[in-house]
Every structure is written in structure tokens, then in C-alpha cells.
Amino acid sequence: MVTCLIIIRKFQPQDFPWVINIERKVFNEHDPFFYMQFYETCSDGFLVAEIYGMVVGYIVGFLPSGKTGRIFSLAVLPEYRNRMIGSALLEEIISILREMKAAEIVLEVRSGNLKARKFYETHGFYKTGIQKGYYNDGEDATLMRLEIPRKSI
Ligand SMILES: CC(C)(COP(=O)(O)OP(=O)(O)OC[C@H]1O[C@@H](n2cnc3c(N)ncnc32)[C@H](O)[C@@H]1OP(=O)(O)O)[C@@H](O)C(=O)NCCC(=O)NCCS
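Q: Lay out the layout of surface pockets with the relevant residues and their values.
A: To find leftover empty space, one rolls a probe the size of a water molecule over the atoms. The space that makes up the largest pocket amounts to roughly 1100 Å³. Lining of the largest pocket is provided by 35 residues; of these, Phe27, Leu74, Asn113, Ala116 and Tyr120 occupy positions nearest its centre. Those elements giving two or more residues to the lining of the largest pocket turn out to be β4 (68–76), α3 (85–99), β5 (104–110) and α4 (114–122). Here the lining of the largest pocket gets seven residues from one element, more than from any other, and that element is β4. Residue classes in the lining of the largest pocket are distributed as 19 nonpolar, eight polar and eight charged.

Q: Can you lay out the packing of helix α1 (residues 16–26) against helix α2 (residues 32–42) for me, pointing to particular residues and giving the numbers?
A: Orientation of α1 relative to α2, taken along the N-to-C sense of each, is 135°, at an axis distance of 10 Å. On the basis of the axis angle, α1 is oblique to α2. With respect to the hand of their crossing, α1 and α2 are arranged in right-handed fashion. In this structure, α1 uses Phe16, Val19, Ile20, Glu23 and Arg24 to contact α2, whose residues at the interface are Pro32, Tyr35 and Met36.

Q: So what's going on with the sheet that holds β4? Residues and values would help.
A: Whenever strands of a sheet pair, they do so through backbone hydrogen bonds, lying parallel or antiparallel. Sheet architecture is open: seven strands sit in the order β1-β2-β3-β4-β5-β7-β6, paired in mixed fashion. In this open sheet, the two strands that pair with only one neighbour each are β1 (6–10) and β6 (126–131). Across the sheet, the axes of successive neighbouring strands diverge by a mean angle of 25°, strand direction being ignored. Sheet topology places β4 next to β5; three bridges connect them, and they run parallel. Bridge pairing in β5 links threonine 68 to glutamate 104. Helix-sheet contacts for α3 involve β1, β2 (46–51), β3 (54–65), β4, β5 and β7 (141–147), and the interaxial angle to β3 is about 30°.

Q: Could you give an account of the packing of aromatic side chains, with specific residues and numbers?
A: The tally for this structure, following the rule as stated, stands at 11 aromatic pairs. On the basis of an interplanar angle of 65° and a centroid distance of 5.4 Å, the ring pair of phenylalanine 11 and tyrosine 39 is categorised as edge-to-face. With phenylalanine 11 in the loop between β1 and α1 and tyrosine 39 in helix α2, the pair connects residues that are 28 residues apart, well separated along the chain. Residue phenylalanine 11 is classed as buried on the basis of its relative accessible area of 1%. When its relative accessible area of 25% is taken as the criterion, tyrosine 39 is described as partly exposed. Ring plane angle 45° and centroid distance 4.8 Å describe the contact between phenylalanine 38 and phenylalanine 72, whose orientation is recorded as tilted.

About the cut-offs
Residues numbered from 1 in each chain as written. Predicted model: local features only at pLDDT ≥ 70, side-chain atom pairs only at ≥ 80, totals over all residues. Heavy atoms only, no water. 1 Å grid on protein atoms, 1.4 Å probe; cavity = no way out; pocket = protein on both sides within 12 Å on 5 of 7 lines; lining within 4 Å. Points joined across faces, edges and corners; volume = space filled by probe spheres on them. Helix = DSSP H or I, 4+ residues; strand = E, 2+ residues; numbered from the N terminus. Nonpolar A, V, L, I, M, F, W, Y, C, P; charged D, E, K, R; others polar. Axes fitted to C-alpha atoms, helices over the stretch in contact; angles between N-to-C directions. Parallel < 35°, antiparallel > 145°, perpendicular 65-115°, else oblique. Left-handed = near helix turned anticlockwise from the far one by under 90°. Contact = heavy atoms within 4.5 Å. Pairing = 2+ DSSP bridges. Phe/Tyr/Trp six-rings, centres within 6.5 Å; stacked < 30°, edge-to-face > 60°. Buried < 20%, exposed > 50% of the residue type's maximum accessible area, 1.4 Å probe, protein only.

What follows is the structure, encoded as C-alpha cells:
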């Protein structure tokens, strides 16, 4: 098995074409403008995964208010999945949101996306409800939540 050095780091403007390429391949539903807006307004929560100079995944998380963090988007290129890259991105954003004093993180995931739902469950998220017809194509969203335990001193 080939092991690769994965670097998790903050998004930089020069990563924009990589991120949009991943978005197009994986979702093809977000306006690229959102990503530049996230960079301008909450860059601490915009991370990429880099392998040998290539960006192969990204995550966008933010703290819109109070103590509830949100995950807007997470994606890894299909050919780089199942190598813990998604887990590394998610664990890093949880750590960042914890530092920002978030007490919980919430997200929406397509109800039919069983792989992502299971992935989030592996990381401690649980289902809190369903939002009917949440997506543009009418698919329901499964709402998920993670409680962030306080760090013991
Ligand atoms: C969801 C997603 C981000 C996960 O990324 P990933 O890099 O494949 O994630 P990981 O490799 O950390 O984990 C994936 C699975 O591989 C397993 N895995 C990873 N490395 C492994 C290894 N060396 N040996 C055995 N299993 C391994 C993990 O346990 C995990 O299993 P689980 O899903 O049953 O918990 C990716 O599938 C993706 O981009 N999906 C499309 C977009 C999407 O659905 N985004 C989320 C909704 S916004």
C-alpha cells in the first residue's frame, strides 16, 4: 500500500481552481462565489487537504452565531477517498470550532447520501431530524449534530 503525506492547511486564494474543480466533480451545485465569500469572511474554517502539491479535498465550516458551528461543505476527490483524508479535514474543523468556543456543530446532508451519513456518524454526529425538500432537486436533508465536549484541563 502506498502511503502519502497529507497536509491539512488553510485555503489560500491560489487553491480556488482546485476547490472549484473538486466541487464540480463531486456536487456541481454550489456557486463558486460562495467559496470566495467564505474565504473573505471566515477563512479560519476553510481548509484544504494537499498531497504532493495537489489539493484533493476541502472543508468549509464556520461559526455563524453563538455556540453553534456549521459545516457548509466537505468533499474529497473520488480517487483519493477511503484514505482518512475526509476524517483528517473533519477532525481539524472540529478542533478549530472547539477553539472558537462552539458547543455543537450542525450540518445538513442529502438523505440519500448514506455513505456520508455513516461517515459523520463515525465521527460522533447523530441525526436530529429531516428537512423536507431542502435541496434544489427536491431531495430531503438529514439534519445532524455533534456535541463538542469541553476539553478537560
Ligand atoms: C464523505 C467523504 C468526504 C469522506 O471522505 P474520505 O476521505 O473517503 O473519508 P475517510 O477516508 O476518512 O473515511 C471514509 C471511510 O473509509 C474508512 N477508512 C479510511 N481509511 C481506512 C483504512 N486505512 N482502512 C480501512 N478503512 C478506512 C473510514 O473508516 C471510513 O469508513 P466509514 O465511512 O464507514 O466511517 C467523501 O466520501 C466524499 O467526498 N463524498 C462526496 C461528498 C459528500 O458526500 N460530502 C459530505 C456531505 S456534505
